[in-house]
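# Structural features, examined
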Amino acid sequence: MPERITPNSTDEGFRKELLAVLPHLRAFARGLSGRSDFADDLVQEAAIKAWTARERYQAGTNMRAWTFAILRNHYLSELRRSKRQTDLDEGAVERMLVMEADQEGPLHLGDMESALQKLAPERREAVLLVGASGFSYEEAAEIAGCPIGTMKSRVARARADLARMLDGDQPPQPVEVQARKAG
């Protein structure tokens, strides 16, 4: 039988903080990926990475921001890996996932989840960090590795896109189309 490792008081404090943040990590992962099974995998991997790197965590700092950054980085790595492994046409996938809006029906949580998944990834991440996870613009910008002004812009654009989609207007244009029109 393997020898049981007894955690020290520092490890125990870290474990409690990590456990407290897990539901928030799961909500963030679910919003990023749109899939509960993938979200669970992301959270598990982020928790493992956080535990492994616990010596680098400074007690008293923001555990949520630290673990969200770990989860975000792992998610982006998984996206890069999956893009290398698939030859799917992104436009075809988008057309398969888009559903006609029900103008007469009430807003359902599923409508919001669907709309979130139609946002550009950086906008979805921004609105999830600030709007759903309660991070300040400064904290969200640090997690995403961008300037505060960029984070504010992404959140504002994401909120405007969501409002248009949920009101039954046209979905947002891909970022590259917007850039071409502006240029």
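Summary of the structure given here. Keep in mind that this is a model prediction, so the values were computed, not measured.

### Considering the packing of helix α7 (residues 137–144) against helix α8 (residues 148–166)
The geometry of α7 relative to α8 is characterised by a closest axis approach of 8 Å and an angle of 100° between their N-to-C directions. Classed by the angle they form, the pair α7 and α8 counts as roughly perpendicular. Side by side, α7 and α8 meet where Tyr137, Glu138, Ala140, Ala141 and Ala144 of the first sit next to Ile148, Met151, Lys152, Val155 and Arg159 of the second. Residue classes in the contact of α7 with α8 are distributed as seven nonpolar, no polar and three charged.

### Regarding the packing of aromatic side chains
Enumeration according to the criterion identifies seven aromatic pairs in this entry. Note on phenylalanine 14 and tryptophan 66: the rings are 6.0 Å apart at their centroids and 80° apart in plane angle, and the pair reads as edge-to-face. You can see phenylalanine 14 sitting in helix α1 (residues 9–33) and its partner tryptophan 66 sitting in helix α3 (residues 63–85), a full 52 residues away along the chain. Note on tryptophan 66: relative accessible area 23%, which makes it partly exposed. Three or more aromatic residues joined by ring pairs make a cluster, and in this case those are Phe14, Trp51, Tyr57 and Trp66. The ring of phenylalanine 135 carries the charged tip of arginine 64 above its face, separated from the ring centre by 4.5 Å.

### Describing the side chain of glutamate 78
Along the polypeptide, glutamate 78 turns up in helix α3. Take glutamate 78: its relative accessible area is 19%, and that puts it in the buried class. A distance of 3.0 Å separates the side chain of glutamate 78 from the side chain of arginine 81, its partner in a polar contact. In contact with glutamate 78, other than residues within four places in its own chain, are Phe38 and Leu42.

### Thoughts on α7
Owing to its 3.6 residues per turn, the α-helix brings residues three or four apart onto one side. Along α7, the residues classified as buried are Ala140, Ala141, Ile143 and Ala144. Buried positions in α7, seen along its axis, are confined to an arc of 160° and lie on one side of it. Phi for glycine 145, located one or two positions after α7, is positive at around 70°.

### Concerning the side chain of glutamate 125
Relative to the elements of secondary structure, glutamate 125 occurs in helix α6 (residues 121–132). On the basis of relative accessibility, which here comes to 6%, the residue glutamate 125 falls in the buried class.

### Brief notes about α8
Over its 19 residues, α8 runs 27 Å from end to end, which matches the ideal 27 Å to within 8%, given 1.5 Å per residue. Among the residues of α8, those classed as buried are Met151, Val155, Ala158, Asp161, Leu162 and Met165. End-on view of α8: buried residues confined to an arc of 135°, all on one side of the axis. Backbone geometry just downstream of α8 places glycine 168 in the positive-phi region, at approximately 90°.

### A few points about the packing of α6 against α7
Packing of α6 against α7 brings their axes to within 9 Å, and their N-to-C directions diverge by 140°. Taken together, the axes of α6 and α7 lie oblique to each other. Once α6 is placed against α7, the crossing between them reads as right-handed. Two secondary-structure elements touch here, α6 through Glu125, Leu129 and Val130 and α7 through Tyr137, Ala140, Ile143 and Ala144.

### Considering the pattern of salt bridges
Evaluation of the coordinates by the stated rule reveals nine salt bridges. Between arginine 15 and glutamate 12 there is a salt bridge, with its nearest N and O atoms 2.6 Å apart. One end of the pair, arginine 15, and the other, glutamate 12, are both in helix α1, three residues apart, so they sit about a helical turn from each other. Here arginine 15 falls in the partly exposed class, since its relative accessible area comes to 35%. Classification of glutamate 12 as partly exposed rests on a relative accessible area of 22%.

Criteria and cut-off values
Residues numbered from 1 in each chain as written. Predicted model: local features only at pLDDT ≥ 70, side-chain atom pairs only at ≥ 80, totals over all residues. Heavy atoms only, no water. Axes fitted to C-alpha atoms, helices over the stretch in contact; angles between N-to-C directions. Helix = DSSP H or I, 4+ residues; strand = E, 2+ residues; numbered from the N terminus. Parallel < 35°, antiparallel > 145°, perpendicular 65-115°, else oblique. Contact = heavy atoms within 4.5 Å. Nonpolar A, V, L, I, M, F, W, Y, C, P; charged D, E, K, R; others polar. Phe/Tyr/Trp six-rings, centres within 6.5 Å; stacked < 30°, edge-to-face > 60°. Buried < 20%, exposed > 50% of the residue type's maximum accessible area, 1.4 Å probe, protein only. Lys NZ or Arg CZ within 6 Å of the ring centre and 35° of its normal. Polar contact = N/O pair within 3.5 Å; in protein donor to acceptor, adjacent residues only side chain to side chain. Arc of directions from axis to C-beta. Expected span 1.5 Å × (residues − 1). Left-handed = near helix turned anticlockwise from the far one by under 90°. Salt bridge = Lys/Arg side-chain N within 4 Å of Asp/Glu carboxyl O.

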